[in-house]
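Residues per chain, in single letters:
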Amino acid sequence: FKINAPNNRAAQEFIPRTDTIRSIKAYLTRANPNDKVTLKVKTNLKDDSTTIATKDYTFNDTNGWIEFAFDTPLKVVPGQMYYMELIGSEDSGAIIWHGTTARQKDMLPAWNYDLPVHGGYTSTSATAGFEVTTVTSIKEPAMIAKEFKIPGNIVDAINVNVEASQKGGNIKAEIRSNY
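Owing to the predicted nature of the structure, the values given are computational and were not obtained by experimental measurement. (Residues numbered from 1 in each chain as written. Predicted model: local features only at pLDDT ≥ 70, side-chain atom pairs only at ≥ 80, totals over all residues. Heavy atoms only, no water.)

A. Summary view of the confidence of the model for the chain. Residues at a pLDDT of 70 or more form 73% of the chain, whose mean pLDDT is 77. The model gives residues 137–168 a pLDDT under 50, and that stretch makes 14 contacts with residues more than four places away or in other chains. Long-range and interchain partners of residues 173–179, a stretch whose pLDDT sits below 50, account for 5 contacts in this model, where long-range means more than four residues apart. (pLDDT = per-residue confidence, 0-100. Contact = heavy atoms within 4.5 Å.)

Structural data, given as structure tokens:
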């Protein structure tokens, strides 16, 4: 998607699974060094008054994954729909938000804003390249960690298998042994 204001921008729907967002990444290319882009996180795509966070970025020599890290982690409601919107500044060269032309499995739609062609936003069958980095806080570590005492010398090996789906995110497993 070309995302230069005032006639173009794009957005991607997402639903967070945790209550805090640390950063959002988007796959962008720009025409000129020092081009500028703004990320907005909104609860209603077509209503700027629902913007809950804004982050500006000025390109250097980088094309590719651009990280918009929030100074203070953004508080959100897990399970609620949000929109990440990207808008290139009017005085920038062409800024493109890359993704796929076909919606990816289990992904929500991307939105293309093209004022001359669509008169505003229209839902697409594409998926924009993005990544949301969340913060998970564990309030009761005792619920996830358990100490097992094995009597005597009856165990010579412990095997642990950890499985996670792609939707599940990252898992860190730690095993300590006092043999």
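B. Seen up close, the sheet that holds strand β9 (residues 110–114). The sheet built from 6 strands is open, its strands ordered β4-β3-β6-β1-β9-β10 with antiparallel pairing. Among the strands making up the open sheet, the edge pair consists of β4 (51–58) and β10 (120–123). Across the sheet, the axes of successive neighbouring strands diverge by a mean angle of 20 degrees, strand direction being ignored. With 6 bridges connecting them, strand β3 (residues 36–42) and strand β6 (residues 82–88) associate as antiparallel partners. Note that in β6 the partner of K42 across the bridge is Y83. (Pairing = 2+ DSSP bridges. Helix = DSSP H or I, 4+ residues; strand = E, 2+ residues; numbered from the N terminus. Axes fitted to C-alpha atoms, helices over the stretch in contact; angles between N-to-C directions.)

C. A look at the packing of aromatic side chains. Inspection of the entire model under this criterion finds 5 aromatic pairs. An angle of 70 degrees between the planes, with centres 5.1 Å apart, marks the rings of Y113 and Y121 as edge-to-face. With respect to burial, Y113 and Y121 carry one shared label: buried. Grouped by ring-pair contacts, the aromatic residues Y57, F59 and F68 constitute a single cluster. (Phe/Tyr/Trp six-rings, centres within 6.5 Å; stacked < 30°, edge-to-face > 60°. Buried < 20%, exposed > 50% of the residue type's maximum accessible area, 1.4 Å probe, protein only.)

D. Representation of the pairing of strand β2 (residues 20–30). The sheet contact formed by β2 and strand β5 (residues 64–75) spans 8 bridges and is antiparallel. The residue of β5 that forms the bridge with A26 is I66. Here β2 runs beside strand β7 (residues 95–97); their pairing, made up of 3 bridges, is antiparallel. Within the sheet, the bridge partner assigned to L28 lies in β7 and is W97.

E. Spotlight on the nonpolar core. In this structure, L28, V37, F68, L86 and W97 are the most contacted members of the largest nonpolar core, which totals 26 residues. Ignoring any residue separated from it by four or fewer positions in sequence, one finds V37 in contact with I3, L28, K55, D56, Y57, F59, F68, L86, I87, G88 and I95. The next biggest cluster of nonpolar side chains, apart from the first, holds 6 residues, and it includes A11, L45, Y83 and Y121. (Core = buried A, V, L, I, M, F, W, Y, C linked by side-chain atoms within 4.5 Å.)

F. Looking closely at the side chain of T20. Tracing the chain through its elements places T20 in strand β2. Of note is the side chain of T20, whose polar atom sits 3.0 Å from the side chain of D19. (Polar contact = N/O pair within 3.5 Å; in protein donor to acceptor, adjacent residues only side chain to side chain.)

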